[in-house]
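Structural description and commentary
As a plain string of letters, each chain reads:
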Amino acid sequence: MRTRFEPSHPIATDRIFVVESDEVIRSALQFILEDHSETYGFTSLDQAFAKAADRTPDVVLLGIGFVHGNGEGALAEVAKRLPGAKILIVANSVNDPLAIASLQWGAHDVMGKPITFDSVHCKVDALLGHHDLSPTMLGLMPLSAAW
């Protein structure tokens with residue numbers, strides 16, 4: 001009898017840009033996301049904009065440091081030059097006043113540190129509209145929520 005392998009996640013078609021000046025955070029985010037998405041890391045927005053000439057990303061994880069100096073202008077430029085991309089701000093805390101303000105300036109969500117596999121995948125999957133429910137999660141939810 002032949003057994004056919006079927007991956008638990010579909011083949012990666014989502015494109016994610018990680019724009020973070022901190023090498024450790026950038027590398028960790030790339031490592032977490034590269035199994036399920038086409039993921040690229042950049043130290044500057046200019047590098048991300050240049051790569052987007054090939055194809056616009058679906059999600060941009062943007063370090064809070066890029067918002068710090070230019071605030072609303074930085075987010076407006078990302079929205080203009082990467083149309084359709086969801087922007088996820090990576091901040092020290094979800095309660096950071098600048099992170100909260102970034103939501104008013106066009107960011108779609110904020111992720112606070114410490115980052116974990118689950119927290120990163122949960123935020124990114126929510127922005128991408130992926131709602132994979134594992135059997136374990138189904139057992140934790142009321143029956144009406146699972147259907």
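Notes on the structure follow. Bear in mind the structure is a predicted one, so any value in this text is a computation, not a measurement.

**Observations regarding the pairing of strand β3 (residues 59-63)**
- Of all five residues in β3, five are buried, a share of seventy percent or more.
- The side-chain alternation of β3 yields two buried faces, one formed by Val59, Leu61 and Gly63 and the other by Val60 and Leu62.
- The pairing of strand β1 (residues 15-19) with β3 spans four bridges and is classified as parallel. Counterpart to Ile16 in the pairing with β3 is Val59.
- Across five bridges, the pairing between β3 and strand β4 (residues 86-91) is parallel. Opposite Gly63, over in β4, you have Val90 as the bridge partner.

**Quick notes on the side chain of His121**
- Within the secondary structure, His121 is located in helix α6 (residues 117-128).
- From its side chain, His121 meets the backbone oxygen of Ile32 in a polar contact 3.0 Å long.
- Residues contacting His121, with those up to four places away along its chain left out, are Ile32, Leu33 and His36.

**Focus: the sheet that holds β3**
- A sheet is described by the order of its strands in space; here five strands give the open sequence β2-β1-β3-β4-β5, paired in parallel fashion. Here the strands that pair on one side only, and so sit at the sheet edges, are β2 (38-42) and β5 (109-112). With direction set aside, neighbouring strand axes in the sheet form an average angle of 20°.
- The pairing of β1 with β2 spans five bridges and is classified as parallel. Opposite Phe17, over in β2, you have Tyr40 as the bridge partner.

**Thoughts on the environment of Val124**
- Secondary-structure assignment places Val124 in helix α6.
- Sequence spacing of Val124 and Val59 is 65 residues, and the spatial spacing of their C-alpha atoms is 7.4 Å.
- In contact with Val124, other than residues within four places in its own chain, are Ile16, Leu33, Leu61 and Leu88.

**Focus: the environment of Leu45**
- By secondary structure assignment, the location of Leu45 is in helix α2 (residues 45-51).
- Taking the C-alpha atoms as reference points, Leu45 and Val78, 33 residues apart in sequence, are found 8.0 Å from one another.
- Look past the residues within four positions of Leu45 in its chain and what remains in contact with it is Val19, Leu62, Phe66 and Val78.

**Comments concerning the packing of aromatic side chains**
- For the structure on display, the rule yields three aromatic pairs.
- With 6.0 Å between their ring centres and 90° between their planes, Phe17 and Tyr40 make a pair best called edge-to-face. With Phe17 in strand β1 and Tyr40 in strand β2, this residue pair connects regions lying 23 residues apart in the sequence.
- What makes Phe17 buried here is its relative accessible area of 0%.

**Comments concerning unusual backbone geometry**
- The omega torsion across Lys113 and Pro114 is 5°, close enough to zero to call that bond cis.
- Secondary-structure assignment places Pro114 in the loop between β5 and α6.

About the thresholds
- Residues numbered from 1 in each chain as written.
- Predicted model: local features only at pLDDT ≥ 70, side-chain atom pairs only at ≥ 80, totals over all residues.
- Heavy atoms only, no water.
- Buried < 20%, exposed > 50% of the residue type's maximum accessible area, 1.4 Å probe, protein only.
- Helix = DSSP H or I, 4+ residues; strand = E, 2+ residues; numbered from the N terminus.
- Pairing = 2+ DSSP bridges.
- Polar contact = N/O pair within 3.5 Å; in protein donor to acceptor, adjacent residues only side chain to side chain.
- Contact = heavy atoms within 4.5 Å.
- Axes fitted to C-alpha atoms, helices over the stretch in contact; angles between N-to-C directions.
- Phe/Tyr/Trp six-rings, centres within 6.5 Å; stacked < 30°, edge-to-face > 60°.

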